[in-house]
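Notes for the structure review
The lines below spell out each chain.
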Amino acid sequence: VQLQAFGGGLVQAGGSLRLSCAGSGTIFSIYGMGWYRQAPGKQRELVAAITSGGSTNVADSVKGRFTISRDNAKNTVYLQMNSLKPEDTAVYYCNAERWGGGIRYNYWGQGTQVTVSS
C-alpha cells in the first residue's frame, strides 16, 4: 500500500487548507483512514479518523474546524482545515489501517508540512 499526502503549505492564522492523501496498491475502501500530526518536540497525535463505513471522529483540539472525508472512487481521503491556528503547525501524516485474520495492516504516508503564521 502506498500513500501520498499533499496539500500542505504556509497559511495565515484564520485561513484554510485542504490536505489530500491518495492511496494505491490495494482495495482502498476496506481501510480505516486517519490523519495524524507531529509538531517539533511533540509526539505524533491523531487529528481525525474515518472508518471504512464512513464514521468519523476528530480530536477535541480541532473539533468544529477540521473535517475528514473520503472518496473511495478516487482512493483519496481529505482533511479540510478551517480557522487554522499557529498551534496547528505540524507535519501531517495520513495513515491506513485494517485488521484481517488477526493481523494488523498499518501504513503511513510521507507527511506534508502545514505552517500557520500568526
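For the structure, see preceding data.
Residues numbered from 1 in each chain as written. Predicted model: local features only at pLDDT ≥ 70, side-chain atom pairs only at ≥ 80, totals over all residues. Heavy atoms only, no water.

1. As for the state of the cysteines
Here is the idea: a disulfide is a covalent bond, and it sits between the sulfur atoms of two cysteines. Applying the stated rule across the entire model yields one disulfide. Each disulfide pairs two cysteine sulfurs, and for C21 the partner residue is C94, the sulfurs being separated by 2.1 Å. One disulfide, between C21 and C94, carries an S-S torsion of 55° and so falls in the right-handed class. In this pair, C21 is assigned in strand β3 (residues 17–24) and C94 in strand β9 (residues 90–100), connecting sequence segments 73 residues apart. Like C21, the residue C94 is buried in the burial classification. (Disulfide = S-S within 2.5 Å. Helix = DSSP H or I, 4+ residues; strand = E, 2+ residues; numbered from the N terminus. Buried < 20%, exposed > 50% of the residue type's maximum accessible area, 1.4 Å probe, protein only.)

2. Focus: the environment of L79
Tracing the chain through its elements places L79 in strand β8 (residues 76–81). C-alpha separation for the pair L79 and L19, spaced 60 residues apart in sequence, amounts to 5.0 Å.

3. Considerations on the environment of P86
As for its placement among the helices and strands, P86 is situated in the loop between β8 and β9. C-alpha separation for the pair P86 and A13, spaced 73 residues apart in sequence, amounts to 6.3 Å.

4. As for unusual backbone geometry
Look at N75: it is not a glycine, yet its phi comes out positive at around 55°. Residue N75 is classed as partly exposed on the basis of its relative accessible area of 23%.

5. Topic: the layout of surface pockets
Its volume calculated, the largest pocket comes out at about 200 Å³. Lining the largest pocket are 13 residues; nearest its centre among them are G32, M33, A49, I50 and E97. In terms of residues, the lining of the largest pocket owes the most to one element, strand β4 (residues 32–38), which gives four residues. In the lining of the largest pocket, the residues fall into five nonpolar, seven polar and one charged. (1 Å grid on protein atoms, 1.4 Å probe; cavity = no way out; pocket = protein on both sides within 12 Å on 5 of 7 lines; lining within 4 Å. Points joined across faces, edges and corners; volume = space filled by probe spheres on them. Nonpolar A, V, L, I, M, F, W, Y, C, P; charged D, E, K, R; others polar.)

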